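A look at the structure
Each chain, written out:
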Amino acid sequence: MLYSVGHSCFHYHTVSDVSQTLLSKATYKRKTPAILAFTSKTWEELGTLNQLATNGYQALALDLPDAALKFLDRMASELGLPVVKVEVCPGRVVAIMTWMGTNPGLKSILLNSHTDVVPVYKEHWKYDPFAAFKDADGNIYARGTQDMKCVTIQYIEAIRRLKAKGQTFARTTHLMFVPDEEVGGHKGMEMFINHPEFKNLNVGFALDEGLANPGEAFTVFYGERNPWWLTVRCPGSPGHGSRFVENTAAEKLRSVINSFLDFREKEKHRLNTSECFTLGDVTTVNMTMLNGGVAYNVIPAEMDVSFDMRIPPAVNLQEFEEQIKRWCREAGEDVTYEFAQKHMNQTVTSTDESDPWWHAFSCTCKSLNMTLKKEIFPAATDSRFIRAVGLPAIGFSPMNHTPILLHDHNEYLNEQVFLRGIQVYEKLVPALASIPPQPGEE
Ligand SMILES: CSCC[C@H](NC(C)=O)C(=O)O
Ligand SMILES: [Zn+2]
Ligand SMILES: [Zn+2]
């Protein structure tokens, strides 16, 4: 197995070689980026290696065949930035490029993006979804053009331009690339956020993905609805399909479905009749799975129904769950529910002008004549894990005049919109990374 060390030229043949070299510090000069071979290490071992990193050694683990990681290695080497890679769970690697600030004791800026994408129905695409075809109007079609390769590349290109101009800033900027946002982030950001290597990043403020806006404005997300995925189980008396059996599962199921879907109607009405509400301000309920029954003429002993619910931060979650319990009780005997996902964190990020992070963000956008529309993100991104540990995070993908096509067929982004996004980060990064020391910072 071959290991290489960032943009230095060391090669090792086994992980053990790497560790041996690492652990005999005499072998290293501080200017030499060293490897932390995370891939086969336990978290306890990482603690030791981590201490080496804080002593001035850069970290890099490199036996990873993943194409996205290889691409990021190439970008890091072009930008002249060190990369840390942490295999948080088997096969799930988080990569971090770091542009060190002139005052590294200050809280850093985190530019987060995910490297995974959702699948495609190839037959429904006008062009090959993995060829990034650009049409005559400059629209680039490909899976991930909006979600969120655009943002990843905009971060990288903005840093490239800033570095080329010789600029430096007080605060450190980290570009972080996580592997599994599209399947919930549980083996990526959710695990990594409590990892010592994340704590070492000393993050003060994070940017992560948002959504396109079809109009002139740019949407920014300061919070998210909590996803609750639950299954309601309705047991009942079985019997012959020709009879009026009492206490059937289906009668209970009907009551449950009616309660949930009546509530859905009310929330839909609330959204459609309010000028100022967006999807993120109301609760959505969707019945997504239905199970039960074994034969046409056998009344089933159980029928189950599953719902995807998204609950805005302003809703009292305890009261909401009481309502679910009531619906189940009203449906009949022994109706129970269980959660597949139950997110409870309702932290939102300050968008008050007195907040230094928001102030820098919003003022920069204003200086670029951008109109911002503040919203609650209707679905769930990795930002929820960042906010859950008390860090401010803004969901922002600079795409205006663009239909929302994430996860859709024919996802595209216009090249002009994409290029303007680079300019936006070219201003945002300096503004955020130059925020003066705040009370409590050194
Ligand atoms: C709750 S984990 C699933 C995460 C997924 N995120 C997106 C952006 O589609 C969702 O909201 O369904
Ligand atoms: Zn995304
Ligand atoms: Zn997505």
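Quick note: structure is the one above.
It should be emphasised that the depicted structure is a prediction, and the values quoted were computed from it without experimental measurement. (Residues numbered from 1 in each chain as written. Chains lettered and ligands numbered in written order. Predicted model: local features only at pLDDT ≥ 70, side-chain atom pairs only at ≥ 80, totals over all residues. Heavy atoms only, no water.)

1. Concerning the packing of aromatic side chains
For clarity, the threshold we go by: In this analysis, rings of Phe, Tyr and Trp, with Trp reduced to its six-membered ring, are considered paired at centre separations within 6.5 Å, and the interplanar angle assigns stacked below 30 degrees, edge-to-face beyond 60, and tilted for intermediate values. Helix and strand labels come from DSSP, where a helix needs a run of H or I of at least four residues and a strand needs a run of E of at least two; each type is numbered from the N terminus. Note on classification: 1.4 Å probe, protein chains only; a residue is buried when its accessible area is under 20% of the maximum for its type, exposed when over 50%, partly exposed between these limits.
Applying the stated criterion across every chain, the model contains 18 aromatic pairs. With 5.0 Å between their ring centres and 75 degrees between their planes, Tyr155 and Tyr425 make a pair best called edge-to-face. One end of the pair, Tyr155, is in helix H4 (residues 149-164); the other, Tyr425, is in helix H11 (residues 415-433), with 270 residues separating them in the sequence. For the pair formed by Tyr155 and Tyr425, the shared burial category is buried.

2. Describing the site of ligand 1
Stated precisely, the cut-off is as follows: The cutoff for a nearby residue is simple: one of its non-hydrogen atoms must lie within 4 Å of the molecule or strand. Within 3.5 Å is the distance limit for a polar contact, defined as a pair of N or O atoms, with the added protein rule that one can donate a hydrogen and the other accept it, and that residues adjacent in sequence qualify only through two side-chain atoms. Surface accessibility follows the Shrake-Rupley procedure with a 1.4 Å probe radius. Residue values consider only the protein chains on display as shielding. Gly falls in the polar group here, along with every residue not listed as nonpolar (Ala, Val, Leu, Ile, Met, Phe, Trp, Tyr, Cys, Pro) or charged (Asp, Glu, Lys, Arg).
The environment of ligand 1 is formed by Glu181, Gly184, Pro227, Trp229, Arg310, Gln341, Ala379, Ala380, Arg384 and His407. Side-chain polar atom of Arg310 to an oxygen atom of ligand 1: 2.8 Å apart, as the coordinates give it. Across the complex, the protein chains shield 88% of the 360 Å² of accessible surface that ligand 1 would expose by itself. Taken together, the residues that form the shell around ligand 1 break down as four nonpolar, three polar and three charged.

3. Some thoughts on the nonpolar core
What counts here: The nonpolar core is taken to be a set of buried Ala, Val, Leu, Ile, Met, Phe, Trp, Tyr and Cys residues, with the residues joined through side-chain atoms within 4.5 Å. In this description, contact between two residues means that some pair of their heavy atoms is separated by no more than 4.5 Å.
Ranked by internal contacts, the top residues of the largest apolar core, which has 49 residues, are Met97, Leu207, Phe361 and Phe396. Every residue in contact with Phe361, bar those within four places of it in the chain, is listed here: Leu207, Val220, Leu372, Ile394, Phe396, Leu428 and Leu432. The next biggest cluster of nonpolar side chains, apart from the first, holds 23 residues, and it includes Ile257, Val285, Met303 and Met309.

4. Things to note about the pairing of strand E3 (residues 83-89)
Worth spelling out the cut-off: In short, DSSP must find at least two bridges between two strands for them to pair.
The buried fraction of E3 is high, at six of seven residues. Across six bridges, the pairing between E3 and strand E4 (residues 92-99) is antiparallel. Residue pairing in the sheet places Lys85 in a bridge with Ala95 of E4. Joining the antiparallel neighbours E3 and E4 is a turn of two residues, in which Gly91 adopts a positive phi near 80 degrees.

5. Notes on the coordination of the zinc ion (ligand 3)
Put simply, the rule reads: Coordinating donors are taken to be N, O and S atoms lying within 2.8 Å of the metal, or within 3.2 Å when the metal is Na, K or Ca; because water is excluded from the atom set, some sites may appear incomplete. Only two sets of limits are used to name each site, 85 to 135 degrees for every angle of a tetrahedral four-donor site, and over 155 degrees for opposite donors with all other angles from 65 to 115 for a square planar four-donor or octahedral six-donor site, with any other site named irregular.
At this site the zinc ion (ligand 3) is bound by Asp147 (OD), Glu182 (OE), Glu182 (OE) and His407 (NE2), with donor distances of 1.9 to 2.4 Å. Seen from the zinc ion (ligand 3), its four donor atoms lie at angles of 57 to 144 degrees, and the figure they make is irregular. Spacing between the donor residues of the zinc ion (ligand 3) along their common chain follows D-x34-E-x224-H. Under the relative-accessibility criterion, Asp147 is labelled buried at 4%. By relative accessible area, which is 43% here, His407 ends up partly exposed.

6. Topic: the environment of Val424
For Val424, the position within the fold is in helix H11. For the pair Val424 and Met289, spaced 135 residues apart in sequence, the C-alpha to C-alpha distance is 42 Å. With sequence-adjacent residues up to four places away left out, Val424 is seen in contact with Leu368, Met370 and Phe396.

7. So, the environment of Tyr141
For Tyr141, the position within the fold is in strand E7 (residues 139-141). For Tyr141, a relative accessible area of 4% corresponds to the buried category. In sequence terms Tyr141 and Thr364 are 223 residues apart; their C-alpha atoms lie 29 Å from each other. Sequence-distant contacts of Tyr141, defined by excluding residues within four places in its chain, comprise Trp125, Lys126, Tyr127, Asp128, Ala132, Phe133, Asp135, Asn410, Glu411 and Tyr412. Only 3.3 Å separates the side chain of Tyr141 from the side chain of Lys126, close enough to count as a polar contact.

8. Digging into the pairing of E4
Two faces make up the sheet, and in a regular strand the side chains alternate between them. Counting buried residues in E4 gives seven out of eight residues, a clear majority hidden from the surface. Bridge analysis of E4 against strand E8 (residues 173-178) gives five bridges, and the strand direction is antiparallel. Along E8, the bridge assignment pairs Ala95 with Phe177.

9. Some points on the sheet that holds strand E11 (residues 226-235)
Strand pairing in a sheet relies on backbone hydrogen bonds, with the paired strands running either antiparallel or parallel. In plain terms, the rule: Each axis is a line fitted through C-alpha atoms, and for a helix only the stretch in contact is used; angles between axes span 0 to 180 degrees, taken between their N-to-C directions.
Taken together, the four strands give an open sheet; going across it, the order is E13-E15-E11-E16, and neighbouring strands pair in antiparallel fashion. One side of each edge strand has no neighbouring strand; the edge strands of this open sheet are strand E13 (284-292) and strand E16 (336-342). Averaged over neighbouring strand pairs, the angle between their axes works out to 20 degrees when direction is ignored. Those strands touched by helix H8 (residues 317-331) are E11, strand E15 (302-311) and E16, and its axis lies near 20 degrees from that of E11.

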